Structure formats: structure tokens, C-alpha cells
Amino acid sequence: MAGSGKRPAAEGPRGRGRNALAPAAVPEKEKISITLDKTLVDEIRAHFGGRALSASINELLHVALAQERLAELVGQMEREAGPASPEAYDRVLAQWFEAE
Amino acid sequence: MKKAPLAPWPAVVLDSQGLWAVARNDDVDARAVLAASSRAGVPVIVPAAVLAETLFGDERDARANQVLKRIEVAAVTDAIARSAAKLKRLAGMAGVAATIDAVVVATAAAAGGGVILTSDPGDIRALAQGVTDTRIRPVRVS
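Residues numbered from 1 in each chain as written. Chains lettered and ligands numbered in written order. Predicted model: local features only at pLDDT ≥ 70, side-chain atom pairs only at ≥ 80, totals over all residues.

Moving on, we get to the overall build of chain A. Within chain A, the secondary structure is distributed over four helices and zero strands. A buried classification covers 16% of the 100 residues belonging to chain A. (Helix = DSSP H or I, 4+ residues; strand = E, 2+ residues; numbered from the N terminus. Buried ≥ 20, exposed ≤ 12 C-beta atoms within 10 Å, placed from the backbone.)

Right, let's get into the overall build of chain B. Counting its secondary structure elements, chain B contains seven helices and five strands. Here chain B has a C-alpha radius of gyration of 14 Å; the compact-globule value for 142 residues is 14 Å, and the two agree. Taking the intrachain contacts of chain B between residues at least 6 apart in sequence as the baseline, contacts between residues at least 24 apart amount to 69%. (Rg over C-alpha atoms; globule rule 2.2 N^0.38 Å. Contact = placed C-beta atoms within 7 Å.)

All names here are of chain B. Counting buried positions along strand E5 (residues 136-140) yields five of five residues, so the element is predominantly enclosed. Judged by which residues are buried, E5 turns out to be covered on both faces: Ile 136, Pro 138 and Arg 140 on one side and Arg 137 and Val 139 on the other are all buried. Summarising the sheet, strand E4 (residues 114-118) and E5 pair through five bridges and their orientation is parallel. Paired with Thr 118 across the two strands is Arg 140, which belongs to E5. In this fold, E4 hands off to helix H7 (residues 121-128), which returns the chain to E5; that crossover is right-handed. (Pairing = 2+ DSSP bridges. Right-handed = clockwise from strand over helix to strand, strands pointing away.)

What follows is about the nonpolar core. Counting 63 residues, the largest nonpolar core has Val 12, Val 33, Ile 45, Val 105, Ile 116 and Leu 117 of chain B as its most contacted members. If we skip the residues at most four places from it in the chain, Val 33 of chain B touches Val 92 of chain A together with Val 12, Val 115, Leu 117 and Val 139 of chain B. (Core = buried A, V, L, I, M, F, W, Y, C linked by C-beta atoms within 7 Å.)

Contact residues are listed per partner, giving 49 residues for chain B and 43 residues for chain A. If one sorts the elements of the side of chain B that touches chain A by residue count, helix H2 (residues 28-40) of chain B sits on top with eleven residues. Taken together, the residues that form the side of chain B that touches chain A break down as 29 nonpolar, twelve polar and eight charged. (Nonpolar A, V, L, I, M, F, W, Y, C, P; charged D, E, K, R; others polar.)

We now examine H7 of chain B. Residue and element names in this part refer to chain B. Residues Asp 123, Ile 124, Leu 127 and Ala 128 constitute the buried set of H7. Buried residues of H7, viewed axially, fall in a sector of 135°; they line one side. Looking at the buried residues of H7, the elements they touch are helix H5 (78-90), helix H6 (96-110), E4 and E5. (Arc of directions from axis to C-beta.)

So, about H5 of chain B. Residue and element names in this part refer to chain B. A rise of 1.5 Å per residue sets the reference length of H5, with its 13 residues, at 18 Å; its end C-alpha atoms lie 18 Å apart and thus fit the reference within 8%. Along H5, the positions that sit buried rather than exposed are Ile 80, Ser 83, Ala 84, Leu 87 and Lys 88. Projected onto a plane normal to the axis of H5, the buried residues spread over an arc of 135° and lie on a single side. Residues Asp 78, Ala 79, Arg 82 and Arg 89 are exposed on H5 and point more than 90 degrees away from its buried face. Where H5 is buried, its residues touch H6 and H7. Gly 92, located one to two residues past H5, shows a positive phi value of around 65°. (Expected span 1.5 Å × (residues − 1).)

Now for the environment of Glu 100 of chain A. All names here are of chain A. Within the element layout of this structure, Glu 100 appears in the segment after helix H4 (86-97). Of the residues examined, Glu 100 has 11 C-beta atoms within 10 Å and is grouped as exposed. Sequence-wise, Glu 100 and Pro 23 are 77 residues apart; in three dimensions their C-alpha atoms are separated by 31 Å.

Next comes the structure, spelled out in C-alpha cells:
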């Protein structure tokens, strides 16, 4: 089993999962005209190589909104039941790093 | 209270019990996994097949639906279905429950590995043995 002994880290906001998995429903597209900072556009173009700018911005917005939604969910769960204890974090991290 | 640590896993995938543990919000370990994932920008994913297995299709789904609005529902693509079939065979498992579990593990593999919130870590671990290039670990929920 690959990964044994390694401690793979999350890739940050563009985690692999999001890029590799298809959504359950294909969203309709809408053509809009927006104005962005040129420096931002240059950076997005450089980061995504030859990909279409629309697709790149679409993905970045998808990731950003998904993070917002997850943060809302966690916030709601913590308001209802309190934050997770340090012991809970220790337990789940131990299960992740557990050898096969 | 101490801030949640940054999740070291690339994704979180929920099986049926994982989804309900989040929906009921009565499992502190599930809350820890989601909080750490949120801090690290890690996606939380449920395969669409899990919804078919676990939802009722009526008002009993209300809490699960609240969760589903805020996480990602992933399609069971041809590639994921084929990967699940192979994992099931390698694990020597059969039946509908094993098929859904295999889809959960195959989805985690397609996501680059990650944590699976489940009440049945034994079966998930057995299926994950067939994944050779990424780390997949079950985290037990009640």
C-alpha cells in the first residue's frame, strides 16, 4: 500500500479531490462580463497554463464557495454542540497516521 | 478553546453513517474531522450513490439535506464504478452494501486519498487495501 510511512499533506485550497471528481449535476453556464485586477488575471493565467480563463476562474470560485459553505457548516455544528475537543483531534489524527 | 489543527489529508469522504453523524452532529470526532478540513481548505465529499442508500426521500432527510447543501456531492463516473468493482473483487466482497462501500473508497482514491468517515472501519480498510497509490484511512464515527 502506497503512503505507508509517509505523511501526505493536503494541497490547500485546490485539493486534488476537487479537481478529479465530477459533480453530481452539470451546472448551466451563464456568459457575463466582469472586470478584474490585471495582476490577478495574469497570475491566474500563469498558474493554470494554457487553460481557458473562464474555466480557471470558474474552478477558483467553485473552490472558494465550497470552502465558505463548509466553514458555515462547521460554524453551525460548533454553535450547536461546541467545538471538538483536543482529544478528538488527537484521535482522528492518530487514525490518519496509523500504519496499515 | 484551541483552534482546529490543519487537516493533513487531501479529502474527506462520507459513507452513509458518516453523513448521518455529520447531520445529527452527535459525534465529536466527525466534528473534529470537518473543522480541521475546513481550516485546511480540504473538500468534504459524498458520493451520489450514498444518497440512494441512505436517504428516505421524505421529511426525515431534513438534517441530511442541510448538510448536503454545504458539501460536495460527487457523481459515480464510469471510472469510479470500474475502480469500485475492482476493489470489491480484490477484497473478496459482494453484495449491495459492499458495492456502496467500494464506491466510497474508489471516490476517495479518485480524490487523491483521504479520510473516510464511517461506522465500519473494518470493511473500508479491507477495500482500501486495493488502493496502491494513495493513503486512505477510515475514521470511526458512532
